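Here's the letter readout for the chains.
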Amino acid sequence: MTSSGLRAAAALLLLCAATFAAAAELSDKLRDDSELSQSTAKSFRRLMPVRFYSQVEQNPIANATLTLRSCTIFVPTNEAFQRYKGSIHVLYHITTAAFSKEQLPKSVSSDMEGNPPLYITKNRNGDIYVNNARIIPSLSVEMTNREGKRQVMHIIDEVLQPLSVQKNAKDNINNPDAMQFLQMAEQLELNDFHLRTYRSQVTLAKKESVYQSPGAHTFLIPIDESFKLSARSGLVDAKVIDGHVIPNTVIFTAASQHDDPKTSAAFEDLLKVTVSFFKQKDGKMYVKSNTIVGDAKHREGVVLAEIVKANIPVQNGVVHLIHRPLMIIDTTVTDFLKSFKENGENGALRKFYEVIMDNGGEVLDDITNLSEVTILAPSNDAWNASLIENLLRNRKKMREILNMHIIRDRLNVDKIRQKNANMIAQVPTVNNNTFLYFNVKGEGTDAVITVEGGGVNATIIQADVAQTNGYVHIIDRVLGVPHTTVLGKLESDPMMSDTYKMGQFSHFNDQLNNTQRRFTYFVPRDKGWQKTELDYPSAHKKLFMPDFSYHSKSILERHLAIADHVFTMKDLVQYSEQAGNVVLPTFRDSLQLRVEEEAGHLHDENASHEWTGYVIIWNYKKINVYRPDVECTNGIIHVIDYPLLEEKDVVVSGGSYLTESSICIILANLIMITVAKILN
């Protein structure tokens, strides 16, 4: 049992002792608890939540309830009181019926004036929440008072906060529904946020009934600040208003499931909009709408909004105030990024915008000049990596890195899936010689999309944030800043899995974590090894058998150059132009090849324009370089379309090669023949 829970339990214990004789029963229950040691009990008595039980003592209604009636009381921990700065509403923590955790219904009426409801929710982990406070599982206590009334205490990790009214409010406001909340917003404590514009649009669209609807719903209301764009309020029509309501589901932020789409009220045959919540590592909560099926007025895509004031309970659910309206796509990619500076918006991409501006802002100008654009925007946390700090002062390198995050195309998840059909999707960035490689794992909402660029594998953590001229995808790493060794890259990259497997059973990979060396590794992609199965079927089969590990290792050694520096593709082209052939040092011998630049659709047969690629000439074979210059912390990888392989590398026909197991069988037979001759 935690010390905070013990302190809270003791608070109620002493409260009951002061108000009615039945406290002895609760005392006995706590004293008999096997988890309570004597030393711990002394400790929590000194640190009990005095503010809560002292206010209960001073409240005659609370006293009467505890003395005479059945009740359930939700007691915050000491830590919760230390965090909480507002007024404590004791009666909002009490309901006049006794409920164990298992018996708690979806809502209970509090004992506060107007009997505003407390909402009970349960998440996938089995945690139970009262509004935004979690019930600590092992600390509930049940007892019977002197009147024979059953009473239950639950320890919670937050102070329950009802709707707060301004001191000078002219109306008597208690337990309003969401529409009354909108109408009386100027009299409520809302951190100086105003809701006049959205309220006017609700009235104009005659959607008051949506906010008056009885039951338990979640309402997302944009603040006035979000309507600075003059035309934006006119886009808030009846369907958009429906898209701000999650019917028949109450979602408080602490109990919300990360990125779990909920059906909005705007979900019908011709328009389908879902809403989901997610939390950044910095603690900020966001909500997003995803228009899955759009129409002429409502475009498909994701709209992201920060929750600026969360968890406001009302009679028919909960209200969250958001920094911009959902569903409305009315800004360009440039405006979306600029809005952080101008309006304090889009905190999720604050550091990305700052890096762009700290490097002169030219990248933003380039984005502005693109009629169609997709941005892979690293999250704020992605910029905290130590290796990035050293690069921020290098403007030339940072410009290259930032450009790696920009695509001249509208590329949403559906388009990535289409490109990814039966292969890893590859897309050129604004630098034609730099490509990004997308991979989709899984289906539907469980799908994970990764993107590789400059040796870095990043995961898209928020996709399809739609703008008028493209999309923004938020990713969890900065592309182009390698953070893993050659071995780590092989192990994690789905395009190189066959080479990784071959190196594992032959123990070739053991050296690739060595950070004292610099490796240049020509890695055949999986599709390349599949081609060898057609060209040399017997040899291909044996290469992936442990009995042939010696041959596999020899072949891989041919692909790995080891020196005191790496060889980029540009280096190899330059050396080839100067000397004809390039000789690279390998583990046992050397690798002789030539590299040329070649214009053409090397990466995408359906591309609308040409770019320059690289071709390796080895043993009179031309092998395309599929992904050049994949940087790692101890080297560089060039992904090639075909292995440096000849049929004679593994001879498996005519008994010319014997596996270890075959040799063992032959030796055993020879021994048996010899023994038989001796015995005879």
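Refer to the structure presented above.
Residues numbered from 1 in each chain as written. Predicted model: local features only at pLDDT ≥ 70, side-chain atom pairs only at ≥ 80, totals over all residues. Heavy atoms only, no water.

(A) Spatial organisation of helix 16 (residues 413-420). When helix 16 is considered as a whole, its buried residues turn out to be Val413, Ile416 and Asn420. Across the axial projection of helix 16, the buried residues extend over an arc of 55 degrees, all falling on one side. Here the buried face of helix 16 lies against strand 18 (425-428), strand 19 (435-441), strand 20 (448-453), strand 21 (456-467) and strand 22 (470-475). (Buried < 20%, exposed > 50% of the residue type's maximum accessible area, 1.4 Å probe, protein only. Helix = DSSP H or I, 4+ residues; strand = E, 2+ residues; numbered from the N terminus. Arc of directions from axis to C-beta. Contact = heavy atoms within 4.5 Å.)

(B) Structural context of the sheet that holds strand 4 (residues 117-122). In space, the 4 strands of this open sheet follow the order 3-4-5-6, with antiparallel pairing throughout. The open sheet terminates on both sides in strands that have one partner only, identified here as strand 3 (107-109) and strand 6 (133-134). Relative to strand 5 (residues 128-130), strand 4 is paired through 3 bridges, and the arrangement is antiparallel. When the sheet's bridge partners are listed, Lys122 is paired in strand 5 with Ile128. (Pairing = 2+ DSSP bridges.)

(C) Representation of the sheet that holds strand 2 (residues 94-95). Ordered by their spatial adjacency, 4 strands build an open sheet running 2-1-8-7, and the pairing between neighbours is mixed. Edge positions in the open sheet fall to strand 2 and strand 7 (141-144), since each of these has one partner strand only. Note that strand 1 (residues 71-76) and strand 2 share 2 bridges and pair antiparallel. When the bridges of strand 2 are listed, Ile73 appears paired with Ile94.

(D) Structural context of the pattern of salt bridges. Using the criterion set out here, one finds 24 salt bridges in the structure. A salt bridge links Lys489 to Glu452, with the nearest nitrogen and oxygen atoms 3.4 Å apart. Separated by 37 residues along the polypeptide, Lys489 in helix 17 (residues 486-492) and Glu452 in strand 20 bring together distant segments of the chain. With a closest N to O distance of 3.2 Å, Glu596 and Arg594 form a salt bridge. The class for Glu596 is partly exposed, based on a relative accessible area of 31%. On the basis of relative accessibility, which here comes to 27%, the residue Arg594 falls in the partly exposed class. Three or more residues joined by partner-sharing salt bridges are found here, namely Glu452, Lys489, Asp493 and Arg627. (Salt bridge = Lys/Arg side-chain N within 4 Å of Asp/Glu carboxyl O.)

(E) Summary view of the environment of Pro105. Topologically, Pro105 is positioned in the loop between strand 2 and strand 3. As a C-alpha pair, Pro105 and Leu118 span 13 residues in sequence and 10.0 Å in three-dimensional space. What Pro105 contacts, discounting residues up to four positions off in sequence, is Phe99 and Ile120.

(F) Highlighting the packing of aromatic side chains. Considering all chains together, one arrives at 9 aromatic pairs under this definition. Each ring, one from Tyr198 and one from Tyr211, has its centre 6.4 Å from the other, and the planes form 80 degrees; the classification is edge-to-face. Linking Tyr198 in helix 8 (residues 196-204) with Tyr211 in helix 9 (residues 208-212), this pair joins segments that are 13 residues apart in sequence. Given the relative accessible area of 0%, Tyr198 is considered buried. (Phe/Tyr/Trp six-rings, centres within 6.5 Å; stacked < 30°, edge-to-face > 60°.)

(G) Inspection of unusual backbone geometry at higher detail. In this model, Met327 sits at a positive phi of 75 degrees, which is unusual for a non-glycine residue. The residue Met327 is located in the loop between strand 15 (317-322) and helix 11 (333-343) in this model. Assessed through its relative accessible area of 3%, Met327 is described here as buried. A positive phi angle, near 55 degrees, is found at Asp629, a position not held by glycine.

(H) Examining the side chain of Gln467 more closely. Residue position: Gln467 is located in strand 21. Using a relative accessible area of 2% as the deciding quantity, one classes Gln467 as buried. If sequence neighbours within four positions are ignored, Gln467 has contacts with Arg299, Ile329, Thr331, Thr332, Val333, Phe336, Arg410 and Val472.

(I) Highlighting the pairing of strand 21. Within strand 21, 10 of the 12 residues are buried, which leaves it mostly tucked inside the rest of the structure. The pairing of strand 20 with strand 21 spans 4 bridges and is classified as antiparallel. Across the sheet, the residue bridging to Gly453 is Val456, located in strand 21. What sits between strand 20 and strand 21 in their antiparallel hairpin is a turn of 2 residues, with Gly454 showing a positive phi close to 60 degrees. Here strand 21 pairs with strand 22 via 5 bridges, running antiparallel. Along strand 22, the bridge assignment pairs Ile460 with Ile475. Counting the residues that bridge the hairpin from strand 21 to strand 22 gives 2 residues.

(J) Spatial organisation of the nonpolar core. In this structure, Tyr521, Phe522, Ile616 and Ile637 are the most contacted members of the largest nonpolar core, which totals 47 residues. Sort the elements by how many residues they give to this core and strand 28 (residues 621-632) lands first, with 5 residues. If you look at the next biggest cluster of nonpolar residues, it comprises 34 residues, including Ala62, Leu66, Cys71 and Tyr84. (Core = buried A, V, L, I, M, F, W, Y, C linked by side-chain atoms within 4.5 Å.)

These figures capture arrangement, not role.
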